[in-house]
Amino acid sequence: MNHAEITAWLRETDADRLAELWQSADRVRQQHVGDQVHLRGLIEVSNHCVRLCGYCGLRAENTSVKRYRMSADEVVACAEEAVERDYGTVVLQAGEDPMLSTDFISELIRRIKSSTPLAVTLSLGERSNEELAEWRTAGADRYLLRFETSNRMLYERIHPPRPGERSDRIAILHTLRELDYEVGGGVMIGIPGQTYDDLARDIELFGTLDLDMIGSGPYLVHPDTPLADPKNRPSASDDRQVPCDELTAYKVIALTRLVCPLANIPSTTALAVLDADAGWKFGLTRGANVIMPNVTPSKYRMLYDIYPGKAYTTEHIDVECINAIGRRIGVGRGDSPNYEKAACGLAIHLH
Ligand code: SAM
Ligand code: SF4
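Quick summary incoming for the structure in this document. (Residues numbered from 1 in each chain as written. Chains lettered and ligands numbered in written order. Predicted model: local features only at pLDDT ≥ 70, side-chain atom pairs only at ≥ 80, totals over all residues. Heavy atoms only, no water.)

**As for the overall build of the chain**
From N to C terminus, the chain includes 14 helices and ten strands. Along the first, second and third principal axes, the C-alpha atoms of the chain reach 50 × 50 × 45 Å. Here the chain holds 351 residues, and 54% of them are scored as buried. A separation of at least 24 residues holds for 80% of the contacts in the chain among residues at least 6 apart in sequence. Counting every atom, the chain has about 14900 Å² of accessible surface; 53% of that belongs to carbon and sulfur. Placing the 39 positive and 51 negative side-chain charges of the chain at their respective mean positions leaves the two points 1 Å apart. (Helix = DSSP H or I, 4+ residues; strand = E, 2+ residues; numbered from the N terminus. Buried < 20%, exposed > 50% of the residue type's maximum accessible area, 1.4 Å probe, protein only. Contact = heavy atoms within 4.5 Å. Areas by Shrake-Rupley, 256 points an atom, 1.4 Å probe, with all protein chains shown as cover. Lys, Arg positive; Asp, Glu negative; His and termini not counted. Charge placed at Lys NZ, Arg CZ, Asp CG, Glu CD.)

Laid out in structure tokens, this is it:
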């Protein structure tokens, strides 16, 4: 699919045409990753963050957040709960928190991997190449790092670098690939100043980067962030600005599936915030094949306030819900078929 076609779909408003898009995405999903819906237990390990992202409630300067950091024992208990719920993966997510040291995370990975069959996904922000390598050696399987937008100027406005450094998430995604992680990226949809052309380029970049996991969700305004103030918002003219709505998020899921047929694609929590009853279901029937139920203890979950409404989403998706849409709960770790394809290609090559 070329740039013009992706842009045209992003702008499409005709319900019949959109029904064709949903059907194509669902067919491609069925053909390439099947009917299983993989469940990932999300553990929000710490809400401390050193960064100043203009969009996120966890940014360092937001003094209205009560900060927490879970102990290793608490994280392991959450992983055990994920096993009890039959999930195949846990995702350890946090703000960019230097107190989550290289050794602390390595030890945590080793404990989870030695006591459970779970795959471990990390989503800890921009960490050094040495740390990423060490965590892979400790047994981490996957790493999620959204590049947020491929428009470099917009990215620099909303995601300032740490002093003296350049933030280059795309370079980190390449490093993760070299370290043989399953690599996940994604973007926010409807960031102020994001144009349809930008978003089409984001989707094309998912394909170029050959990502194994792609999680994108609508940008949601957090009142205690710079982007909530119209004075600070980058702007695009009304007819070029991407809306941060549910429909556009479904279009992105569907187009991502068409561009990256073998990737694991979640129906994200931000979508469930916009439509608590049916967001997850529309995501799954328009290209997605993964759900990430939250297993963080509720006393911490309330404080992981990246955007309003997140703590109140219904995270409980059971077998009946999944079966009702003609799908079944995934068995095992649910590795990305895109990653397995690459591993298989390498094995054939070495033979
Ligand atoms: N700190 C790590 C990082 O930035 O990659 C992981 C945690 S961070 C909260 C995970 C993702 O939340 C970010 O990549 C961003 O896309 C998303 N996010 C943050 N603020 C958001 C907002 N206001 N609306 C929608 N998504 C948001
Ligand atoms: Fe920190 Fe991630 Fe939020 Fe940025 S998006 S402020 S890095 S938690």
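Text resumes after the structure shown.
**Observations concerning the site of ligand 1**
The environment of ligand 1 is made up of 18 residues, and the closest members are Tyr55, Ala94, Arg146, Glu148 and Leu220. Separating a nitrogen atom of ligand 1 from a backbone N or O atom of tyrosine 55 is a distance of 2.9 Å. Here an oxygen atom of ligand 1 and a side-chain polar atom of glutamate 148 are 2.6 Å apart. For the shell around ligand 1, the per-class residue count stands at eleven nonpolar, four polar and three charged. (Near = heavy atom within 4 Å. Polar contact = N/O pair within 3.5 Å; in protein donor to acceptor, adjacent residues only side chain to side chain. Nonpolar A, V, L, I, M, F, W, Y, C, P; charged D, E, K, R; others polar.)

**Topic: the nonpolar core**
Among the nonpolar cores identified, the biggest contains 88 residues, and Leu92, Ile112, Leu122 and Trp135 are the most heavily contacted of them. Not counting residues up to four positions away in its chain, the partners in contact with isoleucine 112 are Val75, Val76, Ala79, Val90, Leu92, Leu118 and Val120. Ranked by size, the runner-up nonpolar core spans six residues in total, among them Val91, Leu144, Met213 and Met292. (Core = buried A, V, L, I, M, F, W, Y, C linked by side-chain atoms within 4.5 Å.)

**Brief notes about the side chain of glutamate 182**
Note that glutamate 182 resides in strand β5 (residues 182-185). Judged by its relative accessible area of 1%, glutamate 182 is buried. Among the polar contacts listed, one links the side chain of glutamate 182 to the side chain of arginine 142, at a separation of 3.3 Å. When neighbours within four sequence positions are excluded, glutamate 182 is seen to be in contact with Asp141, Arg142, Tyr143, Asp212, Met213, Asp335, Ser336 and Tyr339.

**Remarks on the site of ligand 2**
Near ligand 2 you find Cys49, Arg51, Cys53, Tyr55, Cys56, Arg59 and Gly95, and these make up its full shell. For the shell around ligand 2, the residue count by class is four nonpolar, one polar and two charged.

**Points about the packing of aromatic side chains**
Evaluated as defined, the whole model comprises five aromatic pairs. Taking 6.0 Å as the distance between ring centres and 85° as the angle between the ring planes, the aromatic pair formed by tyrosine 143 and tyrosine 181 counts as edge-to-face. Here tyrosine 181 lies in the loop between α7 (169-178) and β5 and tyrosine 143 lies in strand β4 (residues 142-144), a separation of 38 residues in the sequence. Taking the relative accessible area as the measure of exposure, tyrosine 143 reaches 0% and is therefore buried. (Phe/Tyr/Trp six-rings, centres within 6.5 Å; stacked < 30°, edge-to-face > 60°.)

**Notes on the pattern of salt bridges**
Applying the stated criterion across every chain, the model contains 29 salt bridges. Two residues, aspartate 168 and arginine 166, come together in a salt bridge whose shortest N-O distance is 3.3 Å. Taking the relative accessible area as the measure of exposure, aspartate 168 reaches 25% and is therefore partly exposed. Take arginine 166: its relative accessible area is 58%, and that puts it in the exposed class. Here aspartate 198 ties to arginine 201 by a salt bridge, and the two come within 3.5 Å at their closest N and O atoms. Of the two residues, aspartate 198 and arginine 201 both sit in helix α8 (residues 196-209), three residues apart, roughly one turn of that helix. The class of arginine 201 is partly exposed, set by a relative accessible area of 41%. Among the ionic contacts, a cluster of salt bridges with common partners joins Arg51, Glu96, Glu126, Glu148, Arg162, Glu165 and Arg169. (Salt bridge = Lys/Arg side-chain N within 4 Å of Asp/Glu carboxyl O.)

**Observations concerning α7**
Those residues of α7 lying buried are Arg169, Ile172, Leu173, Thr175 and Leu176. Buried residues of α7, seen end-on, are gathered within an arc of 160° and therefore sit on one face of the element. Among the structural elements, α5 (129-138), β4, α6 (152-158), β5 and α8 are those in contact with the buried residues of α7. Backbone nitrogen of isoleucine 170 and a side-chain oxygen of the N-cap are separated by 3.3 Å at the start of α7; the cap is aspartate 168. Note on α7: the residue one or two positions beyond its end, aspartate 180, has a positive phi of about 70°. (Arc of directions from axis to C-beta.)

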